Amino acid sequence: MKKLYWRPQKIFLKLLWLIALVALAGFILTERYSFSEKQPYYEEKIKAAKLAEKAFDLVKAERIKRGYPIDIESDPLQSGLIGELLTPVTTNPGHLPAKQTSINPNFAAVIVHMLKRAGVEEGMTVAIGLSGSFPALNICTLAAVKTLGLRPIIITSVGSSQWRANLPNFMWLDMESYLYEQRVFPYKSVAVSRGGIDDRALGLPRESRKMLDDVIARSGVSMIQFSNYDESVELRMSIYREYSEGKDIMAYINVGGGTTSVGGKVGKVMFKPGLNRTMPKGSADINSVMTRFAIEDVPVIHLTKIDVLAERYGLPLIPLRMPIVGEGSIFVKESKSMPMVAGLLVLIFILLIAIVRLDWGYRMISSSKRDKPSMKPERMV
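Figured I'd write up the structure that's included with this text. (Residues numbered from 1 in each chain as written. Predicted model: local features only at pLDDT ≥ 70, side-chain atom pairs only at ≥ 80, totals over all residues. Heavy atoms only, no water.)

From N to C terminus, the protein includes 14 helices and 14 strands. Sorting the 381 residues of the protein into buried and exposed places 49% on the buried side. For the protein, contacts bridging at least 24 residues in sequence account for 80% of all contacts bridging at least 6. (Helix = DSSP H or I, 4+ residues; strand = E, 2+ residues; numbered from the N terminus. Buried < 20%, exposed > 50% of the residue type's maximum accessible area, 1.4 Å probe, protein only. Contact = heavy atoms within 4.5 Å.)

On to the sheet that holds strand β9 (residues 191–193). Spatially, β9-β5-β4-β10-β12-β11 is the arrangement adopted by the 6 strands of the open sheet, whose pairing is mixed. A strand with exactly one partner marks an edge of an open sheet, and here the two such strands are β9 and β11 (274–276). Strand-to-strand twist in this sheet, taken as the mean axis angle between neighbours without regard to direction, amounts to 20°. As defined by bridge partners, strand β4 (residues 125–131) adjoins strand β5 (residues 151–157) across 7 bridges and the pair is classed as parallel. Counted as the bridge partner of A127 is I153 from β5. Helix α8 (residues 229–244) rests against β4, β5, β9 and β10 (249–255) of the sheet, and its axis sits at about 155° to β5. (Pairing = 2+ DSSP bridges. Axes fitted to C-alpha atoms, helices over the stretch in contact; angles between N-to-C directions.)

The next thing to look at is a positive patch on the surface. A cluster of basic side chains, namely R117, K272, R277 and R312, defines a positive patch on the protein surface. Turning to its location among the elements, R117 is positioned in helix α4 (residues 107–117). Judged by its relative accessible area of 41%, R117 is partly exposed. (Patch = residues over 30% accessible without salt bridge, like charges linked within 9 Å, V, L, I, M, F, W, Y side chains within 5 Å. Areas by Shrake-Rupley, 256 points an atom, 1.4 Å probe, with all protein chains shown as cover. Salt bridge = Lys/Arg side-chain N within 4 Å of Asp/Glu carboxyl O. Lys, Arg positive; Asp, Glu negative; His and termini not counted. Charge placed at Lys NZ, Arg CZ, Asp CG, Glu CD.)

Our next topic: the side chain of K99. Considering the arrangement of structural elements, one finds K99 in helix α3 (residues 96–102). Within the buried set, K99 has no salt-bridge partner at all; the shortest N-O distance to an opposite charge, 7.0 Å, is to D75. Contacts of K99, omitting those with residues within four sequence positions, involve L81, I82, S133, F134, P135, W163 and R164.

It is worth spelling out α8 at this point. The end-to-end C-alpha separation of α8 is 23 Å, in line with the 22 Å expected for 16 residues at 1.5 Å each. Turning to α8, its buried residues number three or more, namely Y229, S232, V233, R236, M237, I239, Y240 and S244. Each buried residue of α8 lies within a common arc of 155° when the element is viewed along its axis, so the set occupies one face. Of the residues that open α8, the one with a side-chain oxygen 3.3 Å from the backbone nitrogen of D230 is N228. (Expected span 1.5 Å × (residues − 1). Arc of directions from axis to C-beta. Polar contact = N/O pair within 3.5 Å; in protein donor to acceptor, adjacent residues only side chain to side chain.)

Between two packed helices, the angle of one axis relative to the other and the distance separating the axes together describe the packing. The geometry of helix α2 (residues 42–65) relative to helix α6 (residues 172–181) is characterised by a closest axis approach of 10 Å and an angle of 115° between their N-to-C directions. With respect to α6, the element α2 is oriented roughly perpendicular. Along this stretch, α2 crosses α6, giving a crossing that reads as right-handed. On α6, the residues touching A55, L58, V59 and E62 of α2 are M175, Y178 and L179. In the contact of α2 with α6, the residues fall into 6 nonpolar, no polar and 1 charged. (Parallel < 35°, antiparallel > 145°, perpendicular 65-115°, else oblique. Left-handed = near helix turned anticlockwise from the far one by under 90°. Nonpolar A, V, L, I, M, F, W, Y, C, P; charged D, E, K, R; others polar.)

This part takes up the pattern of salt bridges. Overall, the coordinates contain 11 salt bridges when judged by the stated rule. The partner of E121 in a salt bridge is K116, and the shortest N-O contact between them spans 3.3 Å. For E121, a relative accessible area of 38% translates into the label partly exposed. A salt bridge links E327 to R321; the nearest nitrogen and oxygen atoms lie 2.7 Å apart. With a relative accessible area of 28%, E327 lands in the partly exposed category. What makes R321 partly exposed here is its relative accessible area of 46%.

The next point concerns α6. For α6, the tally of buried residues reaches 8 of 10 residues, placing the bulk of the element in the interior. Within the span of α6, buried status applies to W172, L173, D174, M175, E176, S177, Y178 and L179. Of the residues trailing α6, R183 is marked for its positive phi of about 60°.

Before going further, it helps to spend a moment on a nonpolar patch on the surface. On the surface, a nonpolar cluster with roughly 410 Å² of combined accessible area is contributed by L21, L24, F27 and I28. With respect to the element layout, F27 can be found in helix α1 (residues 13–32). Judged by relative accessible area, F27 falls into the exposed class, the value being 51%.

Contact geometry for α2 and helix α5 (residues 135–147): axes closest at 8 Å, N-to-C directions at 135°. Here α2 lies oblique to α5, going by the angle between them. Seen from above, α2 lies across α5 with right-handed handedness. On α5, the residues touching E44, K47, A48, L51, A52, A55, F56 and V59 of α2 are A136, I139, C140, A143, A144, K146 and T147. For the contact of α2 with α5, the per-class residue count stands at 11 nonpolar, 1 polar and 3 charged.

By themselves, these figures tell us nothing about what the structure is for.
Below, the structure is given as structure tokens:
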């Protein structure tokens, strides 16, 4: 025998408004009573960002001292970390908005976050590939490495794209040497190449290539000698193995788009921005330092597509003022009270059942209107 169910002939509008008001009140409560939650490794992130901020200030002061004025139009933060559109040592095109977004000391916290997710702990060895394309990110990388007490092996491509460290007498190697002399960072590159096309600055005039060689010479860093692209990749891997002294390399950090590091334009886009724990599909055929490490199951941190990384970790795009250390969801996230949210959802669900499914609403309204003809419930089968 089928059971009989009963419901009122209609749902009163007043009752629906009651449910809506309860839902609105719940929304206001959850928004008002959210709380700030510090993210993992908060102290290390703050420390790394402060160190990067200190290095930014020193580089800016040294640039001014060397006679390079700051163009406020291209560098609205007046950071001194943006170069010029075109100089004799500019190796390839660049994207100014990405450069402007990268000038944020809080990227050091992002790199701390990625290294921790990769499982890197104090005292472990990491391989690093730097270039002149993102001097601010180079600084943030070194700040993160120092804060976590890691042992870096650094190989640098000295060439720079537009708007980057492309001032002939103040390129990235000059900045690195200066910060080392100021005892901000206790390490320097162990080897360096010209960078640019084929990692040999092909396409630049002979005078420009000589300028790059002069930068390398005054840095005191050994220049990688090779005759082609594949040989450059092999030499870099050999240097990393040699300086690791038999210890495992626990992560590889690439900054920018160094040719042999990423494998040209194709390799650059195959690895996603940020932490790559596994080999990207289809990248095994690309000969690059990132691919070599990925094949060996070494996590790869790919610092490119800066706008994507900034949005992912709550950092501003093209900031109009120098970001303050500790700003961004990489440090603190606003969270809702899950018990409060769950309780309000249960309350709304009960009200809907009581008013829509049962006849409570009918009884409430009919009892308040005794002087009017009662509404008979409609039978449902």
